[in-house]
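What follows is the residue order along each chain.
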Amino acid sequence: MLIAVLAPFAAAGFAPLLVRLLGDRAGLVLAIVPAATFVWLLSRLPEATPGVLEATPWVPGLDVALDFSLDGLSLIFALLISGIGTLIVLYAGGYLKGHPMLGRFFLFLMMFMGAMQGVVLSDNVITLFVFWELTSLASYLLVGFESDRPAARRAALQALLITGSGGLALLAGLVMLAEAGGSWRISDLTGAGAWIQDDPLYRPILILVVLGCFTKSAQWPFHSWLPGAMQAPTPVSAYLHSATMVKAGVYLLARLDPALGGSPEWLWILTGIGGLTMLMGVVFALLETDLKLVLAWTTVSALGTLVFLLGPTHEPGVKAAMAFLLVHALYKGALFMAAGNVDHEAGTRDLTRLGGLMRTMPVTFAAAAVACVSMAGLPFGLGWVAKELIGAAKIALEDEFGITVIAATLTNLMLFCVAAIVATVPFTGRTSEAAAHAHEAPWPMLAGPVMLAALGLVFGMAPNLIAEPLIAAATTAVIGRKATLEIVLFKAFDWKFLLTLATFVAGAALFLLWRRSAAGWRASLNPVLDRGPDRGYDQVMRGLAALAAWQTRIWQPGLLHRYMAASFAVVTLAGAASLTRGEMRLNLDFDGGRLIEWAVFAVTAASALVAALATTRLLAVTALGMLGLGVAMIFMLFGAPDLAITQFMVETLVVVILALVLIRLPGFRLSAGGARPRWLYAGISAGTGALVTLLLLGVLAEPFDPRLSEWFGRAAVPEAFGHNIVNVILVDFRALDTLGEIIVVFAAALAALAAIGIGARTRA
Amino acid sequence: MESALNWHAAIPELALACLGMAALMLGVFMRRGATLAVTMFTLASLLLVAMLVLAADAPVVAFDGLFVLDAFAVFTKVLVLLSAALALVLALDWNEKEGIDRFEYPVLVLLATVGMMAMVSANDLMSLYLGLELSSLSLYVLAAIHRDDLRATEAGLKYFVLGAVASGMLLYGSSLVYGFSGSTRFAGIAAAIEAGPASLGLITGLCFVAAGLAFKVSAVPFHMWTPDVYEGAPTPVTAFFSIAPKLAAVGLFLRVMTGPFGEAAGQWTQIIVLIAIASMLLGAFAAIGQSNIKRLMAYSSIGHIGYALIGLAAGTEEGIRGVLVYMAIYIVMNAGTFGCIVAMRREGRASERIEDLAGLGATAPGLAFALTVFMFSMAGIPPLAGFFGKFYVFMAAVQAGLWPLAVIGVLASVVSAFYYLRIVKVMYFDPAQPAFDPRPATVGVVVAGTTLFTALFALAPAPLVAAAGTAARALVGG
C-alpha cells in the first residue's frame, strides 16, 4: 500500500521530464500509474472486506507510523481515485494540449493523487492529516494554475485558507481524539467509541473534527470556496472538486462514525447542516448560467446529501451514502468532462449562449445525456438505485424527521430539473453563434465521459455487480458489522413509486418554468444571495487587516517612551499580582531616622521630582546627577565608602559626558501625547516605586545571613594581616578580581584615548 | 563535584574568545582584504569550536558550580554556532555592497556567540548575567553598525535602551532571588524553594527575571523593540538577531525555568501560558498589515517564540524536547528566509517591500521556490519541517493537559498562514517586477541548503528528535 501511495509522488517527480520528452503524449504514460493502482486494488477486493494493515515507522518518539489499512470504505474511495484519476490524466493531456506549463500541471495532479490515496488508506490520524493538508495544497496550486486571471488567484487563496484552516482545526481535533482514545491508530479508535463519547472532551473533539470535514467538503457556511474553485482547469474541477478531494470530508466522517457517531450532537449537526447544504446547493444551481458553476452547485448539494445521510448512523443511511457516493462520482465526473469539452470546443460555457451542440458534438452529448439520466434518478441509470436506497433510508427515519424527508424530496425534484437543463440547453434547440464552429473533441477527451457514463448505465441495469463487493463492503467497514445488500430494481407499484413519479413530473414542470423565467429569478434573487458567506469571507479578510493596523497603532507607534512605559507597567502588574498570592512579612520598624538621613532623602526625592518634571535636557541630566549623588550619600552613611566613591565617580562622569553630548542636540521636546500620557506615566512610575518599596521592606524582614561578614571579620587579621576589612577583601581575598577590574579600567581608558584621538584627527 | 574547577568544560568558550582576539589582531594588522580574511577566519573558528563542543565530555559542572556543560548545553551551543556561521555567510556579500564591510563585524558576531555559549551553560545567576551582557553588548553595536544610516542608528539606540532596561529588570530580579533564597547558584535556589513554601519575594524576583528573559526572546509584552530593530538593522544583522540570540535566550529561559525554579513550576506556568498565548496571537494578527518583509519576519518571530513557549509551559521532558526541535527547525527556516531577503537587491539597492517580490516565480524560479518552501513551512503545513516543530510542542501541551493552549496555537497558525501564503501569492500570481540582481554564490548555498533541510526533514526526522530528546532529558529528566 505504501507503494500505491508513493508511486504517484514518484511519477509527479518525473512528470515535467516526461512532458519535455513526449510532449502532450506524456499523459498516456502517466496514466499507467493510476491504472496499475486501480487493477491492483481490484485484485485486493476479496481481502479488503475484513481489512488489512501495513506499518512502516516514521516520526520517532511519538509512535506515529506510516500505517495503512485497506477495508471496504478505503477501497471504494481508492478505486474512485485511481479509476477516475486514470481517465482524468488522459483527459488533461487533450484538454491542456500544448499548454506551456503542462509539466507543472501533471506534477501537481500526480502529487494530489498520491496525497488523496494517502488520505483514504492511512490508518494513523497524523499520517492522515499530513496527506489531508497535502491535498489542500495541491488544490491551491491547481486552482491558481491559470494565475494570470485575478479571479483564479483569489479563488486559489480562498480555497486554501478555508480548507487549510479547517485542516488545522482537524489536527487539534484528531490529536485530542487520539488522547481520548489512547491510540494514534484509526483502527483502534473506531473500537473505542463508547469510551471516547464518555470523555469530557467529546464535544470539542466532535466540533473540531466536524469543522475540518465541513470545510473540506464545502458544507454551509464554508461552501463558498467550491464554486470559486471552478476557476481551475476543467480536469481539476472534475477530479478534485467533484469526484475526490471534496469527498475527503465525507470519507473522514464515515471513517470516524464508529468512534464519534451515534450521539445526538452528531445526529443534529450532520443532519441539519447536511440537509441545509443539500437544499441550498441545488437552489443556487438553478440560478447559475455558467455550466461549470451549475455543476459545482450540484456538487455542493451532493456533498450535503452525503453528510445528511451519515447523520443518523444507521445501516440504510450508510448504504445509501455509499451508493450515492459512487453514483455521483460517475455522473458528475462525466458531466464535468463533457462541460470541459463544450468549453474547449465552443469557447464558452455560458448557458445563455449555447445551443444545438448535439449536431456537432454527438458523442459528448450522448455521454452527458446518459450521465444526466443517472443524475435525474431516472430508471436504468445508477441514480435510480441510489435514489431507491436513499428513499429506504429516509423511510427508516420518517417518524422523527418529517422535515428532512420534505427537504430531500424537494432536492430530488430540483436535481431532476438541473439534469434536464444540463442535458438539453447546450445541446438542443437552435444552433447558437458560439456553437456553430464547434467540433467534436479528440478521443482522449471523450474516453473519460463516455466510459463513466457507460459505467453508470451498466451498473444501473445490473446493480448487483457492485452491491455486494463495494457498497455492502464499505457499509460493513463503517458500521462495524457485516452488512449485506441485494438490490431489486422494481419493488412494487405502491405509493412510494407514485411519489417518485410525482417528483419527475414536478421536476419537468419546474424545468419548463425555468426555461421561461430563469432570467427573472436571477435578477431578483442574486443581489440578495450575494450577501452570503462569500461576502463574509471578504469581510473577515478586511477585518483582519483592520485589526492588524489597529494593533500597530496601539502597540507599535515607534516611540521609545511608550515601549518603556508598557514594559514597566507589565512588570509592575505581574509583580503586584504575584504579591497577592500570599502573605509577605514586612519590616516596618522605623526608628525615626537621623536628621542627615532625612536631608539626604529630601535631596534625592527632590532631584527625582525635578528630573521627571524638567522641561530642558540639561536640567534633567543635572537632576539625575543629583539623584545619583544622593544615592552615593546613602551608601556612605551606611558604611560602604568604596561603593559610594565608585558611585560618585560614575555619576560625575555620566553628567559630564551627557552634557557634552547634549550641547550638540536640539532642544528638549515633551512627548507629543499631551497631558494624558504624562499622568499615565506618573501612575506607572508610582506603581513601580511602590512595588519596589514593598519588596525592599520584605527583604529587610528576612533574617540576615551573616556568614560571609563574620568569616571576613574572623579571617582578616590572621590570614591577611589587615584591620580594614574592605581593604583586605580588595587586595587579598579577591586580589584577582581587583586585578581584572584594573585591567578593564585601563583598557577602557585606552579606548577612550583612541576615541578622543580619532575625533581630534578627523577635525584636523 | 561542586568544588572542582574543571576548567576544561569551558574550553570551547575559551578557545572561541581567544580566536576572537586573534581575529581582531588579524584585522588590525592586515591592510587589504582584511574583512574577507577575518570572516573566513571566524567561520573556521566557529566550525572548530563546534567540533570542540561535540567532542567535550558531558555532563561536567565547572568553576564551583558556576558553569555546566551537559547534553542540553551541547545541543544548544552547536545550533548557536551553526546559526552564527549561517548569518556570517549571508553578510559577506551584502556588507560589501552596502559599504559596511568592516572586519569588526565578524569579530562582534564571534564575541556575541561566546556570550551566548556562556548563557546556555550558565549554572548561576552571575554567570547567566555575564553571558547575557557579553552577547547583548556585542548585539547593540551590531544593530547600529551601519552608522551613517538613520534607521539603523535609531534601531541600535532603541535596542540598547530597552535592552538595558531589561537587563536591569533581570539584575533586580536576581538580587531579589538572592535576597530571599540566600544563593545565586541554581542548585542553591532550587534547594531553597524545595525546602519550604517559596517566599513571595522569591516569586516576585522570578517575575522580574522572567520579564528580562522575555525581553531577550522578544515575547509579548516585551516584544516592542523587535519590529523596529528588525526593520532598521542591516538585513544580515537582522538575520543573525532572529536566529542565534533568540535560540540562546530560549535555551537560557528553559534552563532557568526548569532548573532553579523547577520546583516553583506552579507559580510560573501561568505566566508562560499567558506570554505564549499573547505572543502567538500578536504574531499572527499584527503581521497581516505589514508591507515590509523584515517587519513581517519580526512579527513572525514573535509568533514562533509563542509556539516554542508552549513546550516550556508544558514543562515536561516532551515539552522541552518540543521546544528544542521547534527552535532547531525555526533557525534553519529563518536563515533560509533571510537568505532570500538578502538576495532581494535591485539595481544595487536593497528592496524590502513584499510587493518587490511580485512575479519572482517568473524571474527567479529557484529563489521563489525556496521562499515558497519556507513560507509553507512557517505556516506549519505538512509535510514540511515547520509542521513537525509545531506538532511536537502541541502534542506536549495536550499530553500535559494544556489542550486549550494547543487549540489557541492552532487557531493562531490559521491566521498566520494567511500572511505567509500572501507572500507566495505575490511571488507567483502578481504581475512581475524587474528581476533582482544576480545573487552571490554564498547566499545561494545557504538558501539551497536550508531549503533542502526544510523540504526533506520529513524523510528522516529521527536524528534531530533523538538529539533533542537527550538534551531535554539532561535538563528535566534528572
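Residues numbered from 1 in each chain as written. Chains lettered and ligands numbered in written order. Predicted model: local features only at pLDDT ≥ 70, side-chain atom pairs only at ≥ 80, totals over all residues. Heavy atoms only, no water.

(A) Seen up close, the overall build of chain A. The secondary structure content of chain A amounts to 34 helices and 4 strands. For a compact globule of 764 residues, the expected C-alpha radius of gyration is about 27 Å, and chain A comes in at 39 Å, more than 25% above that figure. The principal-axis extents of the C-alpha atoms in chain A amount to approximately 115 × 60 × 55 Å. Counting all 764 residues of chain A, 51% fall into the buried class. Looking at chain A alone, contacts between residues at least 24 apart form 77% of all its contacts between residues at least 6 apart. The centroid of the 47 positive side-chain charges in chain A is displaced by 12 Å from the centroid of its 47 negative side-chain charges. (Helix = DSSP H or I, 4+ residues; strand = E, 2+ residues; numbered from the N terminus. Rg over C-alpha atoms; globule rule 2.2 N^0.38 Å. Buried < 20%, exposed > 50% of the residue type's maximum accessible area, 1.4 Å probe, protein only. Contact = heavy atoms within 4.5 Å. Lys, Arg positive; Asp, Glu negative; His and termini not counted. Charge placed at Lys NZ, Arg CZ, Asp CG, Glu CD.)

(B) Up close: the overall build of chain B. Helices and strands together make up the secondary structure of chain B, namely 19 helices and 4 strands. Relative to its length of 478 residues, chain B is compact, with a C-alpha radius of gyration of 21 Å against a globular reference of 23 Å. Taken over the C-alpha atoms alone, chain B extends approximately 70 × 55 × 40 Å along its principal axes. Out of the 478 residues belonging to chain B, those deemed buried represent 66%. Taking the contacts inside chain B whose residues are at least 6 apart along the sequence as the reference set, 81% of them involve residues at least 24 apart. For chain B, the accessible surface area stands at approximately 14800 Å², while carbon and sulfur atoms represent 67% of it. (Areas by Shrake-Rupley, 256 points an atom, 1.4 Å probe, with all protein chains shown as cover.)

(C) The packing of aromatic side chains, seen in detail. One pass over the full model with this rule turns up 33 aromatic pairs over all chains. When the centroid spacing of 5.2 Å and the interplanar angle of 45 degrees are considered together, the rings of Tyr159 of chain B and Phe241 of chain B count as tilted. Note that Tyr159 of chain B is positioned in helix H6 (residues 150–181) and Phe241 of chain B in helix H10 (residues 235–258), a separation of 82 residues in sequence. Since its relative accessible area comes to 4%, Tyr159 of chain B is described here as buried. Here Phe241 of chain B falls in the buried class, since its relative accessible area comes to 4%. Linked through ring pairs, Phe129 and Trp184 of chain A together with Phe387, Phe388, Phe391, Tyr392, Phe453 and Phe457 of chain B together constitute an aromatic cluster. The ring of Trp94 of chain B carries the charged tip of Arg345 of chain B above its face, separated from the ring centre by 4.7 Å. Over the face of the ring belonging to Tyr307 of chain B we find Lys390 of chain B, whose NZ or CZ atom lies 4.5 Å from the ring centre. (Phe/Tyr/Trp six-rings, centres within 6.5 Å; stacked < 30°, edge-to-face > 60°. Lys NZ or Arg CZ within 6 Å of the ring centre and 35° of its normal.)

(D) Structural view of the pattern of salt bridges. All names here are of chain B. Scanning the entire structure with this criterion turns up 23 salt bridges over all chains. Note that Arg295 and Asp228 form a salt bridge whose closest N and O atoms lie 3.3 Å from each other. Pair noted here: Arg295 is in helix H12 (residues 293–314) and Asp228 is in helix H9 (residues 225–232), with a separation of 67 residues, a long-range link. Asp228 shares its class with Arg295; the two are buried. Note that Lys294 and Glu352 form a salt bridge whose closest N and O atoms lie 3.0 Å from each other. Taken together, the residues span a long stretch of sequence, with Lys294 in helix H12 and Glu352 in the loop between strand S4 (349–350) and helix H14 (360–363) at a distance of 58 residues. By the burial criterion, Lys294 is buried, and Glu352 matches it. Connected via shared salt-bridge partners are Arg151, Glu154, Lys158, Asp228, Glu231, Lys294, Arg295 and Glu352. (Salt bridge = Lys/Arg side-chain N within 4 Å of Asp/Glu carboxyl O.)

(E) Structural context of the confidence of the model for chain B. When pLDDT is averaged along chain B, the result is 88; 99% of the residues meet or exceed 70. As scored by the predictor, the complex reaches a pTM of 0.79 and an ipTM of 0.81. (pLDDT = per-residue confidence, 0-100.)

(F) Spatial organisation of the interface of chain A and chain B. The interface of chain A with chain B comprises 64 residues on the first partner and 62 residues on the second. Taken over both partners, the interface formed by chain A and chain B buries close to 5700 Å², and the fraction arising from carbon and sulfur atoms is 79%. The interface formed by chain A and chain B includes 0 salt bridges. Put simply, chain A and chain B have 1 residue pair in polar contact (both at pLDDT 80 or more) between them. (Buried area = accessible area lost by both parts, 1.4 Å probe. Polar contact = N/O pair within 3.5 Å; in protein donor to acceptor, adjacent residues only side chain to side chain.)

(G) Focus on the nonpolar core. Within the largest apolar cluster, 422 residues are counted, with the highest numbers of intra-cluster contacts made by Phe106 and Leu260 of chain A together with Leu142, Phe240, Phe241 and Leu357 of chain B. When residues of this core are assigned to their parent elements, the largest contribution, 20 residues, is made by helix H17 (residues 315–346) of chain A. Look past the residues within four positions of Phe106 of chain A in its chain and what remains in contact with it is Ala15, Val19, Gly27, Leu30, Val89, Ala92 and Gly93 of chain A. The next biggest cluster of nonpolar side chains, apart from the first, holds 5 residues, and it includes Ala34, Val38, Phe103 and Val107 of chain B. (Core = buried A, V, L, I, M, F, W, Y, C linked by side-chain atoms within 4.5 Å.)

(H) Region of interest: the environment of Gly261 of chain A. Residues and elements named next belong to chain A. You can see Gly261 is positioned in the loop between helix H14 (248–260) and helix H15 (264–287). Gly261 sits 218 residues away from Ile479 along the chain, and the two C-alpha atoms are 9.9 Å apart. Each residue touching Gly261, except ones within four places of it in the same chain, is listed here: Gln197, Leu256, Trp266 and Thr313.

(I) Summary view of the side chain of Lys77 of chain B. Residues and elements named next belong to chain B. Along the polypeptide, Lys77 turns up in helix H3 (residues 71–98). Note on Lys77: relative accessible area 0%, which makes it buried. Contact partners of Lys77, with chain neighbours within four places excluded, come to Glu13, Val53, Phe67, Leu69, Met117, Val120 and Ser121.

(J) Quick look at a nonpolar patch on the surface. Residue and element names in this part refer to chain A. Residues Phe14, Leu17, Leu21, Leu22, Leu28, Val29, Ile32 and Trp443 make up a contiguous nonpolar surface patch of roughly 830 Å² in combined accessible area. Of all elements in the fold, only helix H1 (2–22) and helix H2 (26–30) reach the threshold of two or more residues within the nonpolar patch. When residues in the nonpolar patch are grouped by element, the largest group, 4 residues, is from H1. As for its position among the elements, Leu21 is in helix H1. According to the relative accessible area criterion, Leu21 is exposed, its value standing at 66%. (Patch = residues over 30% accessible without salt bridge, like charges linked within 9 Å, V, L, I, M, F, W, Y side chains within 5 Å.)

(K) Spotlight on H10 of chain B. All names here are of chain B. For H10, built from 24 residues, the straight-helix expectation of 34 Å at 1.5 Å per residue is met to within 8% by its first-to-last C-alpha distance of 34 Å. Of all the bends in H10, the greatest, near 30 degrees, is centred on Phe241, and the proline Pro245 appears no more than four residues after it. When you tally the buried positions in H10, you get 24 out of 24 residues, the bulk of the element. (Expected span 1.5 Å × (residues − 1). Bend = angle between axes of the 7 residues up to and from the residue.)

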